Each structure stands twice: as C-alpha cells, then as structure tokens.
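Read off the chains here:
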Amino acid sequence: MRKNFGAKTWLYPMPVFIVAAYDENGRPNAMNAAWGGIHTDDMVGICLSEGHKTTQNILATKAFTVSMATEEFLTACDYVGLVSGNEVPDKVARAGFHTVRSAFVNAPLIEELPMTLECEFVSYDRESNHLVGRIVNVSADESVLDGEGWIDPSRLKPVTYDPIHLRYLPLGEAVGKAFAEGKKLR
C-alpha cells in the first residue's frame, strides 16, 4: 500500500549545488541550491528566486559557476546557504572559500570545490524563478580524477540533499553498469 503526500519537492537524489557569481564590483558571492539539474545537452537549469544576491549577480554579469558540494567542505557549503549575500557581502571568505576567475566565463571558481560547471547565462523566468545557463566548460581538480583522467565520484564525494529529513547524504557505491543491466532481460 502507498501513502499519498500530495505535491512536494521531494526527489532523490537531489544535488547540492554551490552557485557562484561576481557582483558589480567583482566580489564573489555563492549560494547553496538544491533544485536544479541538467536541462538539455549543454544546459543546466536551477530554481533561484530573484531576491538572492547570487541571482542578481548572474542577471548583471550573465555568467555563473555551479560546483558540487562535497563531504569535505559540507560545513562551508551549508553556510553559504544559510547566510544572505545581501546581508553578509564577504560570506564566501567567511565560509573559508578561496576563488579564482574562470578562464571561460566571468564568474568565480571556488578552489576548495573540485568539480565545477562554468556557465553563460541563457534565460531567467521571473514567474517560475527558473534560471538556465549554457555549460561552456566542466573543470575538475586532478585529485578527483581516476587513472584514465575521468571524474571519479568516489574521489569527488559529492553530497545529495534529503528534502524530507533536511539532511545531507553521501552518494553510495556503484550497484550496476548503465546501459548494461537491462540487457539481462532481453
């Protein structure tokens, strides 16, 4: 038997994105955002309300980065979601993050977060708060690459958000090979 909960924003896994952009003075700001994902082949979509300093920065600079929150920097990643850049302009530094300018877009890379999507602004719907960006580069620190040079989730250690219990969860071990497991039923 199933229990009905009505319309909720519950989906697993829910990524924990750290979205970063520069303000009009070139100061980096970042926020924690869980409602987003790949929108199309080279686009990311994220639900961000217009009142966020990061959203205002993206609309002004037309660029942003999206990093995966990691187990190692969970406290800092949660902090940038708790504190508003409108009230604490140096919250990125207070979180202990260090930034460098992306070589591909006018947005900051957070050095402590080893995987980042570097994006150009495409559109923002003020009614739905849906932001879309074109991914122009994905960068990853060598520390999270496997022996073949690909990103290894077990080294990256990204976390997911549990919207029901309001907690962060690690990704687990591989349970099968995509595009292969279903062949067993042929």
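Everything numeric in this text was worked out from a predicted model, so none of it was measured.

Enquirer: What should I look at first to understand the UniProt feature "domain: Flavin reductase like" (unreviewed entry) in the protein chain in this one?
Expert: Sequence positions flagged by UniProt for "domain: Flavin reductase like" (unreviewed entry) are, in local numbering, residues 11-152. Helix makes up 15% of residues 11-152 and strand makes up 41%, while its end C-alpha atoms are separated by 23 Å.

Enquirer: I tried to follow the sheet that holds strand 9 (residues 115-125) on my own but got confused; where do I start?
Expert: Sheet strands pair by backbone hydrogen bonding; their relative direction is either parallel or antiparallel. Within the open sheet, the seven strands sit side by side as 3-2-6-9-10-5-4. Their pairing is antiparallel. Strand pairing shows two members of the sheet lacking a second neighbour, strand 3 (28-33) and strand 4 (36-40), which therefore form its edges. Averaged over all adjacent pairs, the angle separating strand axes in this sheet is 35°, with direction ignored. Summarising the sheet, strand 5 (residues 43-47) and strand 10 (residues 130-140) pair through five bridges and their orientation is antiparallel. Its bridge partner being in strand 10, Cys47 is matched across the sheet by His130. Sheet contacts for helix 1 (residues 53-61): strand 2 (17-22), strand 3, strand 6 (63-68), strand 9 and strand 10; angle to strand 2, the most-contacted strand, approximately 50°. The strands touched by helix 2 (residues 74-82) are strand 2 and strand 3; relative to strand 3, the strand with the most contacts, the crossing angle is about 95°.

Enquirer: What is the right way to look at the state of the cysteines in this model?
Expert: What makes a disulfide is a covalent bond joining the sulfur atoms belonging to two cysteines. Enumeration according to the criterion identifies zero disulfides in this entry. Here Cys47 is not cross-linked by a disulfide; its sulfur's nearest cysteine counterpart is in Cys119, at 16 Å. On the basis of relative accessible area, Cys47 is assigned to the partly exposed category, the value being 29%.

Enquirer: Hey, could you run me through the pairing of strand 3 in this one?
Expert: Sheet faces and side chains relate simply in a regular strand, where the side chains alternate between the two faces. For strand 3, the buried fraction is high: six of the six residues fall into the buried class. Neither face of strand 3 is left uncovered, since the one carrying Pro28, Ala30 and Asn32 and the one carrying Asn29, Met31 and Ala33 both have all their residues buried. For strand 2 and strand 3, the ladder comprises six bridges, and the chain directions are antiparallel. Directly across from Tyr22, in strand 3, lies its bridge partner Pro28. Here strand 2 folds back onto strand 3 in antiparallel fashion, the turn holding five residues, of which Gly26 has a positive phi close to 80°.

Cut-offs and rules
Residues numbered from 1 in each chain as written. Predicted model: local features only at pLDDT ≥ 70, side-chain atom pairs only at ≥ 80, totals over all residues. Heavy atoms only, no water. UniProt positions renumbered as here; feature names shortened; annotations may be inferred. Helix = DSSP H or I, 4+ residues; strand = E, 2+ residues; numbered from the N terminus. Pairing = 2+ DSSP bridges. Axes fitted to C-alpha atoms, helices over the stretch in contact; angles between N-to-C directions. Contact = heavy atoms within 4.5 Å. Disulfide = S-S within 2.5 Å. Buried < 20%, exposed > 50% of the residue type's maximum accessible area, 1.4 Å probe, protein only.

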